[in-house]
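The residues making up each chain are set out below.
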Amino acid sequence: MKDLIRSLTECWGPSGHEAGVRELIRGMIPRGFESRVDTMGNLIAHRPAPAGGRQAGRGRRIMLAAHMDEIGIVVTHVDQKGFLRFGSVGGVMPLPLTGGRVQFESGFLGVIGLERLEDSSRVPSLDRFFIDVGATSPADCPVKVGDVASFHRSCEEIGSRITAKAMDDRIGCAVLLQAMKELDSSPHDLWFVFTVQEEIGLRGAGTSGYGVEPEIALAVDVTFTGDTPEAAPMAVSLGAGPAVKIKDGGMLAHAGVKDWLLATAQAAGIPCQREVLLRGTTDASAIQVSRAGVPAGCLSIPARYVHSPSEVVDFGDVQGCVRLLLPALRGPVDIG
């Protein structure tokens, strides 16, 4: 599974440019699933319920979602010396940027620099940063206005943890792919959806949720932790297992879906955490309000330094997510 995580996180794919990630994932979908790409670019893999499963009342139409896109930058201006100015694609954090590298779809690399600041005690805004691509003027600049880039970092192991760019949410994609591979049987009509444009407004989740029309929906995404020095208090830590979402900045998890995950974890002896996230949200909040409404929840992978070029997860937590999904999908689901 570590090779899978490395392949996914090192793949290039900012919001709106997920084609490379989509084709990589599509090639990994196991036998027994039919896949298609919808108008928005979401990759939808479907495994029907076994004959008689839904008729017998045991199976439900369940959608699981993880987003393929990552945060990035978009070029807004090339100055007379060939330096690039840029805006954000998703929630780019200024503090980790200086000296970082970005990669454009063409493969060209750039290094992020920062203007001299009059007040170094204040966090600079994005308009104080620039990108050096080795150009000396607009004429020899290999990048043009409107080109998009992602952070450029390799995936590395640090003890029992893994660090990479785009853990948000390629790690969720990895969990879904591994669960699809290991799920030997299920009474449910299963829809595994790898969504687009989550980072700029949950757009792929909204359209795919409308199209799939699930009876139950579950997002798999990262969440913050409260276990680093001077961190904001939060009852989620790396290494303590996957987190079952209670609430975040965009949704209240459906009580039945939340209880289904917690009961499954307890019955299977899988350590898990309860998550209350004060800011940010996931694909589940868009799916929840599609059509006439969907009972929705989220299974979260704890992550440090989210929306930075070096996000960190614990491999045991990742495995725990897979271990929890498998029994949850193998048996009947009663969410009340």
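Quantities reported herein were computed from a predicted structural model and do not represent experimental measurements.

Reading guide: rules and limits
- Sequence order as written defines residue numbering, which begins from 1 separately in each chain.
- Local features in this predicted model are restricted to residues of pLDDT 70 or higher, and side-chain atom pairs are both shown and tallied only at a pLDDT of 80 or more, whereas totals for entire chains, interfaces and linings draw on every residue.
- Side-chain measures were taken over the full set of non-hydrogen atoms in the model, leaving aside hydrogen atoms and water.
- Helix numbers and strand numbers start at the N terminus; a helix is a DSSP run of H or I with at least 4 residues, a strand a run of E with at least 2.
- As a reference, a globule follows 2.2 Å times the number of residues to the power 0.38, and the radius of gyration itself is taken over C-alpha atoms.
- Two residues qualify as a contact provided that any one of their heavy atoms is within 4.5 Å of a heavy atom in the partner residue.
- Here the open area of atoms and residues is found with the Shrake-Rupley method and a 1.4 Å probe, where only the protein chains shown may cover a residue.
- As used throughout, the charge tally considers Lys and Arg to be positive and Asp and Glu to be negative, leaving His and the chain termini uncounted.
- All charge positions are set by atom: Lys at NZ, Arg at CZ, Asp at CG, Glu at CD.
- Here, a salt bridge means any Lys or Arg side-chain nitrogen found within 4 Å of an Asp or Glu carboxyl oxygen.
- For the exposure calls, accessible area comes from a 1.4 Å probe over protein chains only, and a residue counts as buried if that area is under 20% of its type's maximum, exposed if over 50%, partly exposed in between.
- Strand pairing is defined by DSSP finding a minimum of two bridges between the two strands.
- As a rule, the C-alpha atoms of each element are fitted with a line to give its axis, helices using only the stretch in contact, and angles between N-to-C directions run from 0 to 180 degrees.

Enquirer: Which residues make up the overall build of the chain, and what values go with them?
Expert: Helix and strand counts for the chain come out as seven helices and 17 strands. The C-alpha radius of gyration of the chain comes to 20 Å, within 12% of the 20 Å expected for a compact globule of 336 residues. Over its C-alpha atoms, taken along the principal directions, the chain stretches across nearly 70 × 45 × 35 Å. A fraction of 76% describes how many contacts in the chain between residues 6 or more apart in sequence connect residues 24 or more apart. With the model as given, the accessible surface of the chain reaches about 14200 Å², and the carbon-plus-sulfur share is 51%. Considering the chain, the positive charge centre built from 33 side chains and the negative charge centre built from 39 side chains are found 3 Å apart.

Enquirer: I'd love a proper account of the pattern of salt bridges, names of residues and values included.
Expert: According to the stated counting rule, one finds 16 salt bridges in the structure shown. Ionic pairing is found between Glu-70 and Arg-170, a salt bridge with its closest N-O pair at 2.9 Å. One end of the pair, Glu-70, is in the loop between strand E3 (61–67) and strand E4 (72–78); the other, Arg-170, is in helix H3 (residues 167–182), and 100 residues separate them in sequence. For Arg-170, a relative accessible area of 1% gives the class buried. Linked through salt bridges whose partners overlap, the residues forming this network are Arg-85, Glu-115, Glu-118 and Arg-128.

Enquirer: Help me get a handle on the sheet that holds E3, residues and values and all.
Expert: Pairing between the strands of a sheet comes from backbone hydrogen bonds, and it takes one of two forms, parallel or antiparallel. Ordered in space as E1-E2-E12-E3-E13-E16-E14-E15, the eight strands form an open sheet in which the pairing is mixed. Of all the strands in the sheet, the pair left with one neighbour each is strand E1 (34–37) and strand E15 (273–276). Shown here is a sheet whose adjacent strand axes are inclined to one another by a mean of 25 degrees, direction ignored. Relative to strand E16 (residues 296–302), strand E13 (residues 216–223) runs parallel, the two being bridged by seven bridges. Looking at E16, one finds that Thr-223 is bridged to Pro-302.

Enquirer: Lay out the pairing of E4 in plain terms, naming residues and giving numbers.
Expert: With six bridges joining them, E4 and strand E5 (residues 84–89) adopt antiparallel strand pairing. Looking across to E5, one finds that His-77 is bridged to Arg-85. Once E4 ends, the chain turns through five residues before running back antiparallel as E5, passing Gly-82 with a positive phi of about 90 degrees.

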